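# Understanding the architecture of this molecule
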Amino acid sequence: MNTDKRSTVMRYLLLTWVALLFVFPVVFMVVSSLKPDMQLLQDSASFRAFLPVGDISLDNYSNAWDRVPIGRFVINSVVVTAITVILSLFLCSMAAFSFVFLEFRGKAVLLSVILATLIVPFETIAIPLLMVVNNLPWIGFDGFQMGWLDSYQVQIIPWVADGLTIFLFIQYFKDLPRELVEAARVDGASWFQVFYKIIVPLAGPCFATAAILKFLVMYNQYLWPLMTTQSEDYRPVMVGLQYFFQLDIAWGEIMAYLSIITVPVLAFYLSMQRAFIASIASTGVKG
Amino acid sequence: MKRAMNLMAAAILTASSSMVFAQTDLSLWYHGAGNDKEKSVLTGIINDFNGSQDDWKVNLAEFPQESYNESVVAAALSGKLPDILDVDGPLMPNWAWSKYLTPLEITDEDVKDFLPGTIGRYDGKIYSVGLWDAAVALFARKSVLEKHELRIPTLDKPWSLDEFNTAINTLKMDKDFEYPLDLGLAWKGEWYAYAFGPLLQSWGGDLMDVEKPTAEGVLNGDEAMAFGEWWQNLFTKKLVPGTSQDGADRETGFLDGKYAMQWNGNWAALAALEKFGDDLLFLPAPDMGKGPKIGAASWQFGVSGSSKNQKGANDFIRFAMQDKYLANFSNATGLIPATAAAAKMTENYKEGGKLSVFYALTDKQATKRAVTPAYNVATLEFEKALSDIANGADVADTLDAATDAINKDLEKNKNYK
Amino acid sequence: MTDGKPKSQNKVGWLMALPASSLIILFLIVPFLLAFWFSFTNQRLVSPNPTEFVGWSNFSDLMGVGSLTIDPKRDAEGKPVYKANGDIQYPRMRTFTRNNPDYEHLQGMREWFSIPLSNDRKWVVLAKDALFMKALTNTLLFVAIVAPIQAGLALLLALLINQKLPGINLFRTIYFMPVVISIVVVSILWRFIYDGENGLLNAILGFLSFGLFEPVDWLGNPSTALGSIMAMSIWQGVGFHMIIWLSGLQTIPGSLYEAAALEGAKRWQVFRYVTWPGLRNTAVLIMVVITMQAFALFAQVDVMTRGGPVDSTQSLVFQSVQRGYEKQDIAGGSAIAVVLFLMVLSISLIQRYMSRDRS
């Protein structure tokens, strides 16, 4: 009993130590957002960096709000991110299902090609991609036009499908029992029904993981929107960060801005965590 | 473009219903997103212009400066440049050569009163006009120089190289200061070519020989090598803070008394004046041998090569060139107005104004950076070479490497002919 | 699964794979093929000059190497001359590489590295593009160090927070914190931490060593800069891979653990015989993803050091981007992208071949 208690205490100690290691820059960020620039820079060399002491106020927040249309940018980011994540989960998991459970001609080649795209860092193909989207047509509310610049779709559609998400689903689906699929087929279910009635419900943790990873990639988009958005109507949050790098860098405002734009991500992650917990429970029952 | 189309559609709709004159839309891009002061002056000019005539209506789109050039390049690649855009002076030749920009319909007569640094000329034509310029000076304190019995240099008789070296080595002995001089290596990018390129020119070197064109023998010639050795010496002897200086020290180090002197721009002058008052001196650049020099040319307006509204765009730029707007800009930002008449209307640059010395500096010492489309590569190579040398790299090898890289770029672009 | 009706599966298989696949082809593969094409031309970002096909010249510019054996400067007795700092003095490399008709094949090359030989001579390897070579070796080093450490730590963390303890969700959230914040932002924050004069890290180390620790200019010193970027990258990315490990851990049925507990297995044995086998697919995924991400090293370098000091933190992607955008040499930038692609492709084929051999 006693050793048990001690080991529990040890566990929490370890957890807390690691937690401190991970959380300190975030605390630094939030605490700094409350301080005037001069104090922020002086404090950054000592443990005062983590303490909300001295001349504390919300001035940085109101100044940041005046400098950047934060509301607009957050909405843009959330719209782009949400649509991309939803489309991506649907299309990539379906493709992965096809790669794992179905046999079709050319599958091996197609899969290899898709996985090979994992190797290509986006930065190295950004300019050719720009050339591609410049030559694509779009039919929107205001009629037909060539080129996708300065829009939501240019930030969404090229990012919907990616090798990593498909790969993630493939590796997960491989671990699922094939008998379930066979049984459903014998019962006369179509392949699509097998996919969304049997596989999707079983893959909760994988969907949650894929959603989180995709969310992060999309919410933190920087280079691509920089190249493709020209008006504040479509600009996302990371481009807004650049507004603060004037000759006198407004560090306090930067910290305030970063603190604000981090909130949606944390909220999303926490909601996904619930999905995690739920799926742990469900695998427990089925396992 | 799409927005312009929307606006046009909206304009047509309103016109049909309520007989409003339909002005043609002109798009204007500006690098100052996040800078409220510049925005308010610029929107003032735009509103005045839009109200002054019935043909054109200028719409402003702002971009953050850090990534402005990338945005412009991406737009050019997509054929979506605006009608009017602003450009950092030394990059203008590259944009003119690439046909992003087209020559202005503005004549020499129109700009005869402008400081030469504010007019972007390339290939014999005017491509861009700046409403202001900036200047750098050696910020110093009279009391400190007098304490060490150093001669206070004047515009007519600046420090010689020897005097300058003596000054920093003497101030090095003063334990009140961490460093005798701050060059501001915390600021990356264009600051290097802008602030230190003229020093190299004063030594007798340059980024490249624009006429030939080649960097061989210019950026790695004897004078440039001497400059490089001198430059490295500043760091090995700890006379100036190195490349990892943090931005905060750059901003406040001189004010806090960490640095005895500072190589800085007129935009930082007001804060320093507030701190030191009459004790503060703005000293001219030292003469390293081939005359004292400081950088010229700041942000300027030009008209894009793809604009279908050349006349409107030129009208706007000509409209913005009025003295009162130059003065407004200067008052809001502390930058140097482009004409003497405008300078008289400003608080800081009128005769006896706190910063009037900078107008004189610009007038007397300002030198343009190499006017060539190869500049955008040359400036990067120069920055890299200076920071590598500062960090201990071999001077000759480093300048050779920069020279080769610039020449390779020239070759790849067929000498930008 | 080659049973049943391959004909009907053909149709439905393509139907389900096609939407995602066609998007990938249009937005990843077509741009890559364009980049591939550019690497054989003199394509500029924007230029009034027409684009020309130049064959392999972009690649030979990148990879060209040469070598040279040089004698030290010797005095009358044939003993090497020493410099003031005690090093042997060699003739300057630029006397061979610049306009020397006897060494035309070395024209414009720079020293990459050298190996000392007997009798104080040394063998110098020169590269046409020493910067690229530096970026290449840095990137390989980064991958070799960061990938295994990051994967291992991420697994440890995943095991740590996969426990059933009250309040574990709080820790789970905290561990994930660094990932939530974009790498650009993290890099900005860590510049404060690594600062040589007012930096937090120096303050902490000084405090822990009772002031004995000499402050280090972490990002400003060529010998510590890359290591500092590695440490930060591991710190930032470890939560990302922890999540992937965690989702893998949850596919292992609880009944297996119960059975192991019944048989009285030790904790290490449980890991060895239950957990690890159950993580096989996840492990493949993680190694692939981590390796790819490490090869793509860019944002940290861009924000923190821009390749300096003295090229100690150059990376391939950073060079590709710098050449492509800033120098407008899209052909040169694309050539680096192609080299990177082929290199990683061959590494992963080898990885695959070796793991297939075992099973």
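Chain B is annotated in an unreviewed UniProt entry as Sugar-binding protein from Leucothrix pacifica. What the UniProt record of chain B gives under Sequence similarities (unreviewed entry) is the line "Belongs to the bacterial solute-binding protein 1 family."

Named according to an unreviewed UniProt entry, chain A is sn-glycerol-3-phosphate transport system permease protein UgpE originating from Leucothrix pacifica. Taken verbatim from the UniProt record of chain A, the Sequence similarities (unreviewed entry) comment is "Belongs to the binding-protein-dependent transport system permease family."

Below, the discussion takes up the sheet that holds strand 1 (residues 65-70) of chain C. Residues and elements named next belong to chain C. The 3 strands are arranged 1-3-2 in an open sheet whose pairing can be described as antiparallel. With one partner strand each, in any of the chains shown, strand 1 and strand 2 (110-116) form the two edges of the open sheet. When strand polarity is set aside, the average angle formed by the axes of neighbouring strands in this sheet is 25 degrees. Bridge count between strand 1 and strand 3 (residues 122-127): 6 bridges; the pairing is antiparallel. Across the sheet, the residue bridging to Ser67 is Val125, located in strand 3. Lying over the sheet, helix 4 (residues 130-161) contacts strand 1, strand 2 and strand 3, oriented at roughly 60 degrees with respect to strand 2.

The subject of this paragraph is the interface of chain C and chain A. Often the size quoted for an interface is simply the accessible area lost on bringing the parts together. Each side of the interface is counted separately: chain C has 93 residues, and chain A has 104 residues. Counting the surface lost from both chain C and chain A, the interface buries some 8800 Å², and carbon and sulfur atoms represent 78% of this. Taken together, chain C and chain A are joined by 0 salt bridges. In this structure, the connection of chain C to chain A is made through 11 residue pairs in polar contact (both at pLDDT 80 or more). Of the residues in the side of chain C that touches chain A, the class split is 69 nonpolar, 20 polar and 4 charged.

Quick look at the sheet that holds strand 9 (residues 179-182) of chain B now. Pairing between the strands of a sheet comes from backbone hydrogen bonds, and it takes one of two forms, parallel or antiparallel. All names here are of chain B. Read from one edge of the open sheet, 4 strands run 9-10-8-11, paired in mixed fashion. Looking at strand neighbours, the two that pair on one side only are strand 9 and strand 11 (280-283), the edges of this open sheet. With direction set aside, neighbouring strand axes in the sheet form an average angle of 20 degrees. Summarising the sheet, strand 8 (residues 136-141) and strand 11 pair through 4 bridges and their orientation is antiparallel. The residue bridging Phe139 from the neighbouring strand is Phe282, located in strand 11. Packing of helix 10 (residues 269-276) onto the sheet brings it into contact with strand 8, strand 10 (259-265) and strand 11, and relative to strand 11 it is tilted by some 145 degrees. Contacting strand 8 and strand 11, helix 14 (residues 356-365) runs over the sheet at an angle of about 135 degrees to strand 8.

We now examine the UniProt feature "transmembrane region" (unreviewed entry) in chain A. Residue and element names in this part refer to chain A. What UniProt calls "transmembrane region" (unreviewed entry) maps, in this numbering, to residues 12-31, 73-102, 109-132, 152-173, 194-217 and 249-270. Counting secondary structure, residues 109-132 comes out at 79% helix and 0% strand; the distance between its end C-alpha atoms is 24 Å. Helix makes up 96% of residues 194-217 and strand 0%, and the two end C-alpha atoms of the span are 30 Å apart.

Bringing the domain arrangement of chain A into the picture now. All names here are of chain A. For chain A, the assigned domains are domain 1 (1-57) and domain 2 (67-286). Placing a centre on the C-alpha atoms of domain 1 and another on those of domain 2 gives a separation of 32 Å. On the side of domain 2, 9 residues touch domain 1, which itself brings 9 residues to the contact. Of the roughly 620 Å² buried between domain 1 and domain 2 on both sides combined, carbon and sulfur atoms contribute 73%. Taken together, domain 1 and domain 2 are joined by 0 salt bridges. Across the contact surface, domain 1 and domain 2 share 2 residue pairs in polar contact (both at pLDDT 80 or more). Counting residues per element, the side of domain 1 that touches domain 2 draws most heavily on helix 1 (residues 2-32), at 4 residues. Partitioning the side of domain 1 that touches domain 2 into residue classes produces 5 nonpolar, 2 polar and 2 charged.

Summed over all chains, the structure comprises 39 salt bridges over all chains. One salt bridge connects B:Asp108 with B:Arg121, and the closest N-O pair in it is separated by 2.8 Å. Of this pair, B:Asp108 sits in the loop between strand 4 (101-102) and strand 5 (119-122) while B:Arg121 sits in strand 5, placing them 13 residues apart in sequence. Of the residues examined, B:Asp108 reaches a relative accessible area of 48% and is grouped as partly exposed. Residue B:Arg121 is classed as partly exposed on the basis of its relative accessible area, which comes to 39%. One salt bridge connects C:Arg92 with B:Asp397, and the closest N-O pair in it is separated by 3.5 Å. One end of the pair, C:Arg92, is in the loop between strand 1 and helix 3 (94-97); the other, B:Asp397, is in helix 16 (residues 395-412), on a second chain. Judged by its relative accessible area of 37%, C:Arg92 is partly exposed. You can call B:Asp397 partly exposed: its relative accessible area is 27%. Three or more residues are tied together by salt bridges with common partners; here these are B:Glu216, B:Asp400, B:Asp404, C:Arg94 and C:Arg98.

A few words now on the packing of aromatic side chains. Considering all chains together, one arrives at 77 aromatic pairs over all chains under this definition. Pairing A:Phe245 with A:Trp251 gives two aromatic rings, centres 6.1 Å apart and planes at 90 degrees, and the pair type is edge-to-face. Taken individually, A:Phe245 and A:Trp251 each receive the classification buried, so the pair is uniform in this respect. Ring centres of B:Tyr30 and B:Phe301 lie 6.1 Å apart, and the angle between their planes is 25 degrees; this geometry places the pair in the stacked category. Taken as a pair, B:Tyr30 in strand 1 (residues 24-30) and B:Phe301 in strand 13 (residues 299-304) lie far apart in primary sequence, 271 residues in all. Note that A:Arg235 overlies the ring of B:Phe63, its terminal NZ or CZ placed 4.9 Å from the centroid. Above the ring of C:Tyr90, the side-chain terminus of C:Lys122 is found at 4.3 Å from the ring centroid.

For the rest of this paragraph, the subject is helix 6 (residues 161-173) of chain B. All names here are of chain B. Its 13 residues place the ends of helix 6 19 Å apart at the C-alpha level, agreeing with the 18 Å of an ideal helix rising 1.5 Å per residue. Taken as a whole, helix 6 has its buried residues at Leu161, Phe164, Asn165, Ala167, Ile168 and Leu171. Take helix 6 and look down its axis: the buried residues cluster within an arc of 160 degrees, on one side only. Facing away from the buried side of helix 6 by over 90 degrees, the exposed positions are Asp162 and Met173. Buried residues along helix 6 sit in contact with strand 8, helix 5 (142-147), strand 9, helix 7 (190-203), helix 8 (222-236) and strand 10.

Let us look at the side chain of C:Gln43. By secondary structure assignment, the location of C:Gln43 is in the loop between helix 1 (6-38) and helix 2 (57-63). Reaching out from C:Gln43, the side chain makes a polar contact with the side chain of C:Thr51 at a distance of 3.1 Å.

A separate point is the domain arrangement of chain B. Residues and elements named next belong to chain B. Domains assigned within chain B are domain 1 (2-133 + 298-367) and domain 2 (136-296 + 371-416). Each partner contributes residues to the interface: domain 1 has 27 residues there, and domain 2 has 26 residues. Summed over both sides, the interface between domain 1 and domain 2 buries roughly 2300 Å², with carbon and sulfur atoms accounting for 67% of that surface. Considering only the surface of domain 1 that becomes buried against domain 2, Phe358, Gln365 and Thr367 emerge as the three largest contributors, covering 28% of it.

Attention now goes to the interface of chain B and chain A. Taken together, the contact pairs 26 residues of chain B with 29 residues of chain A. In total, chain B and chain A occlude about 2400 Å² of area from one another, counting both sides; carbon and sulfur atoms represent 54% of this. Counting across the chain B and chain A interface gives 0 salt bridges. For the pair chain B and chain A, the number of links is 6 residue pairs in polar contact (both at pLDDT 80 or more). A per-element tally of the side of chain B that touches chain A places helix 3 (residues 68-77) of chain B first, with 5 residues. Classifying every residue of the side of chain B that touches chain A by side-chain character gives 11 nonpolar, 7 polar and 8 charged.

Looking at the element boundaries, B:Glu381 is found in helix 15 (residues 375-390). You can call B:Glu381 buried: its relative accessible area is 7%. When residues no more than four places from it in sequence are discounted, the contact partners of B:Glu381 are B:Ala402, B:Ala405, B:Ile406 and C:Lys327.

What follows deals with the UniProt feature "domain: ABC transmembrane type-1" (unreviewed entry) in chain A. When the UniProt feature table is mapped onto this chain numbering, "domain: ABC transmembrane type-1" (unreviewed entry) sits at residues 74-272 of chain A. For residues 74-272 of chain A, the helix share is 69%, the strand share is 4%, and the end-to-end C-alpha distance is 20 Å.

The rules behind these values
Residues numbered from 1 in each chain as written. Chains lettered and ligands numbered in written order. Predicted model: local features only at pLDDT ≥ 70, side-chain atom pairs only at ≥ 80, totals over all residues. Heavy atoms only, no water. UniProt positions renumbered as here; feature names shortened; annotations may be inferred. Pairing = 2+ DSSP bridges. Helix = DSSP H or I, 4+ residues; strand = E, 2+ residues; numbered from the N terminus. Axes fitted to C-alpha atoms, helices over the stretch in contact; angles between N-to-C directions. Contact = heavy atoms within 4.5 Å. Buried area = accessible area lost by both parts, 1.4 Å probe. Salt bridge = Lys/Arg side-chain N within 4 Å of Asp/Glu carboxyl O. Polar contact = N/O pair within 3.5 Å; in protein donor to acceptor, adjacent residues only side chain to side chain. Nonpolar A, V, L, I, M, F, W, Y, C, P; charged D, E, K, R; others polar. Domains from an automatic or database assignment. Buried < 20%, exposed > 50% of the residue type's maximum accessible area, 1.4 Å probe, protein only. Phe/Tyr/Trp six-rings, centres within 6.5 Å; stacked < 30°, edge-to-face > 60°. Lys NZ or Arg CZ within 6 Å of the ring centre and 35° of its normal. Expected span 1.5 Å × (residues − 1). Arc of directions from axis to C-beta.

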